[in-house]
Amino acid sequence: MSTLVGVVQPTLSLLSPSRVQLEQGSATLLCVATGGFPSDWKLGWKVGGSGGSGGASDGPGVLGKDGRYSWSSALSLPADRWRKAGSVSCEASKDGSSPIFSISAGTLPVKPSPPR
């Protein structure tokens, strides 16, 4: 295994709530960060431009075989807050750095409901 030196920004992915979940009145988003180094990256959320992690649940960092880390964070919101937010951002930061990932609630794909 090679030794990593310096800072490596993680790659972020954001999974949106399903249509079924929204129809049931809730919205859970999952942010997954992979390939970061060192282990002290932090994940955070902004809803409608406001910071804060009310309703967020963070998983522990996991060290991969390549010497880099992965993390996850889930954010649960009422469906109406999700619809009115305008934007929801997942951000990774280190030592107060700027976020490296942002996505608009209006552009998130919503999985179709299965046929009934």
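Preceding this section is the structure that the text describes.
Residues numbered from 1 in each chain as written. Predicted model: local features only at pLDDT ≥ 70, side-chain atom pairs only at ≥ 80, totals over all residues. Heavy atoms only, no water.

Points about the overall build of the protein chain
So, point 1. What the protein chain contains, in helices and strands, is 2 helices and 8 strands.
So, point 2. Traced from its N-terminal end to its C-terminal end, the protein chain shows the element sequence β-α-β-β-β-β-β-β-α-β.
So, point 3. Looking at the protein chain as a whole, 32% of its 116 residues are labelled buried.
So, point 4. At a minimum sequence separation of 6, the contacts of the protein chain that also span at least 24 residues come to 66%.
So, point 5. Surface accessibility of the protein chain: about 6,800 Å² in total, with carbon and sulfur atoms responsible for 53%. (Helix = DSSP H or I, 4+ residues; strand = E, 2+ residues; numbered from the N terminus. Buried < 20%, exposed > 50% of the residue type's maximum accessible area, 1.4 Å probe, protein only. Contact = heavy atoms within 4.5 Å. Areas by Shrake-Rupley, 256 points an atom, 1.4 Å probe, with all protein chains shown as cover.)

Examining the sheet that holds strand β3 (residues 42-47)
So, point 1. Overall, antiparallel pairing links the 3 strands, which are arranged β4-β3-β8 in an open sheet. Two strands lie at the open edges of the sheet, namely β4 (50-51) and β8 (88-93), each paired on one side alone.
So, point 2. Judged from the 6 bridges that link them, β3 and β8 form a sheet pairing that is antiparallel. The partner of K46 across the bridge, within β8, is S89. (Pairing = 2+ DSSP bridges.)

Comments concerning the pattern of salt bridges
So, point 1. By the definition in use, this model includes 1 salt bridge.
So, point 2. The partner of D40 in a salt bridge is K94, and the shortest N-O contact between them spans 3.1 Å. Taken together, the positions of D40 in the loop between β2 (26-36) and β3 and K94 in the segment after β8 put the pair 54 residues apart, joining distant regions of the chain.
So, point 3. With a relative accessible area of 33%, D40 lands in the partly exposed category. (Salt bridge = Lys/Arg side-chain N within 4 Å of Asp/Glu carboxyl O.)

Section: the nonpolar core
So, point 1. In terms of nonpolar packing, the biggest core is built from 23 residues, with L29, C31, L43, W45, W82 and V88 touching the most fellow members.
So, point 2. Listing elements by their share of this core, those giving two or more residues are β1 (11-15), β2, β3, β7 (69-78), α2 (79-84) and β8. (Core = buried A, V, L, I, M, F, W, Y, C linked by side-chain atoms within 4.5 Å.)

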